Amino acid sequence: LRCKKACSWNRVDLDFLAVKLQVRQVLAFVRAHRVAQMIFKQDFATEVLTVAEETVLDESNAQIKLAEASLEKLDRSDIHVVVSHFACHILLNKSVHFVEQLAKQNLIPETEASAMLVELDEYIEHLLECEKISHEDVMSPSQQSSILQQMAASSVFSETFEEVENDLSVPLIT
């Protein structure tokens, strides 16, 4: 997904870099807690939770709420940009892996796979550039939503959208 206008390298904002790092830390923290809760419930907790087990889960949920609350100090649009870039990065990397698997299993010709991988690599490169700069005249939220909904309908990507959305209370598709 490319910007309508070419991006310019005139601004690398250190404040935004701090926002990016904080949002990604919160995403990782929340994801780690949710995965740990799931494993705890499946492998260690009893069928009916004991008081101690409920306490462990309550403390984990409290930590998640504190982490998410730390984002309230940040500009919501900055959070949306960081989460969107992060989701795009995940989807592009999954796409590369998917095309590589198709080629490995001889389900698509090698020349077609190579062309797809070159295009995906260009998208990844563009995304990395976009993460470093400010944008003007980017796609509208409705355009973004339409494209994301089309991609989410694909079984290849639907799990990733759900994972990212579940890990942070910021919807990707509005």
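To be clear, the structure that these remarks concern was listed above.
Residues numbered from 1 in each chain as written. Predicted model: local features only at pLDDT ≥ 70, side-chain atom pairs only at ≥ 80, totals over all residues. Heavy atoms only, no water.

Engineer: Looking at this model, I keep getting lost on the packing of helix 1 (residues 14-44) against helix 3 (residues 76-104). Mind explaining?
Structural biologist: Working note: a packed helix pair is described by the angle between its axes plus the distance between those axes. The interhelical angle for the contact between helix 1 and helix 3, taken along N-to-C directions, is 65°, at an axis separation of 10 Å. Here helix 1 and helix 3 pass one another in a crossing that is right-handed. Contacts between helix 1 and helix 3 involve Phe16, Val19, Lys20, Val23, Arg24 and Leu27 on the former and, on the latter, Asp78, Ile79, Val81, Val82, Val83 and Phe86. Considering only residue class, the contact of helix 1 with helix 3 consists of 9 nonpolar, no polar and 3 charged. (Axes fitted to C-alpha atoms, helices over the stretch in contact; angles between N-to-C directions. Helix = DSSP H or I, 4+ residues; strand = E, 2+ residues; numbered from the N terminus. Left-handed = near helix turned anticlockwise from the far one by under 90°. Contact = heavy atoms within 4.5 Å. Nonpolar A, V, L, I, M, F, W, Y, C, P; charged D, E, K, R; others polar.)

Engineer: So what exactly am I meant to see when it comes to the nonpolar core here?
Structural biologist: Within soluble globular proteins, side chains that are nonpolar generally end up buried alongside one another. Val23, Leu71, Leu74 and Ile79 are the most contacted members of the largest nonpolar core, which has 13 residues in total. Elements with a minimum of two residues in this core: helix 1, helix 2 (51-70) and helix 3. When residues in this core are grouped by element, the largest group, 6 residues, is from helix 1. (Core = buried A, V, L, I, M, F, W, Y, C linked by side-chain atoms within 4.5 Å. Buried < 20%, exposed > 50% of the residue type's maximum accessible area, 1.4 Å probe, protein only.)

Engineer: Before we go on, may I ask you to explain the packing of helix 3 against helix 4 (residues 110-132) in this structure?
Structural biologist: As a packed pair, helix 3 and helix 4 sit with axes 10 Å apart at the nearest point and diverge in direction by 165°. One finds that helix 3 runs roughly antiparallel with respect to helix 4. Helix 4 is crossed by helix 3, and the crossing has left-handed handedness. Of helix 4, the residues touching helix 3 (which contributes His85, Cys88, His89, Leu92, Asn93, Ser95, Val96, Val99, Glu100 and Ala103) are Ala113, Met116, Leu117, Leu120, Tyr123, Ile124, Leu127, Leu128, Cys130 and Glu131. Here the contact of helix 3 with helix 4 is composed, by residue class, of 14 nonpolar, 4 polar and 2 charged. (Parallel < 35°, antiparallel > 145°, perpendicular 65-115°, else oblique.)

Engineer: Got a minute to help me understand a nonpolar patch on the surface in this structure?
Structural biologist: Together, Leu14, Leu17 and Leu21 make up an exposed nonpolar region whose accessible area comes to about 310 Å². Tracing the chain through its elements places Leu14 in helix 1. Residue Leu14 is classed as exposed on the basis of its relative accessible area, which comes to 64%. (Patch = residues over 30% accessible without salt bridge, like charges linked within 9 Å, V, L, I, M, F, W, Y side chains within 5 Å. Areas by Shrake-Rupley, 256 points an atom, 1.4 Å probe, with all protein chains shown as cover. Salt bridge = Lys/Arg side-chain N within 4 Å of Asp/Glu carboxyl O.)

Engineer: Before we go on, may I ask you to explain helix 2 in this structure?
Structural biologist: Structural remark: α-helix, 3.6 residues per turn; residues separated by three or four positions point the same way. Under the 1.5 Å per step criterion, the end-to-end length of helix 2 is 29 Å for 20 residues, consistent within 8% with the ideal 28 Å. Among all positions in helix 2, only Glu53, Leu57, Ser60, Ile64, Ala67, Glu68 and Ser70 are buried. Buried residues of helix 2, seen end-on, are gathered within an arc of 160° and therefore sit on one face of the element. Exposed and oriented more than 90 degrees from the buried face of helix 2 are Val51, Ala52, Asp58, Glu59, Lys65 and Leu66. (Expected span 1.5 Å × (residues − 1). Arc of directions from axis to C-beta.)

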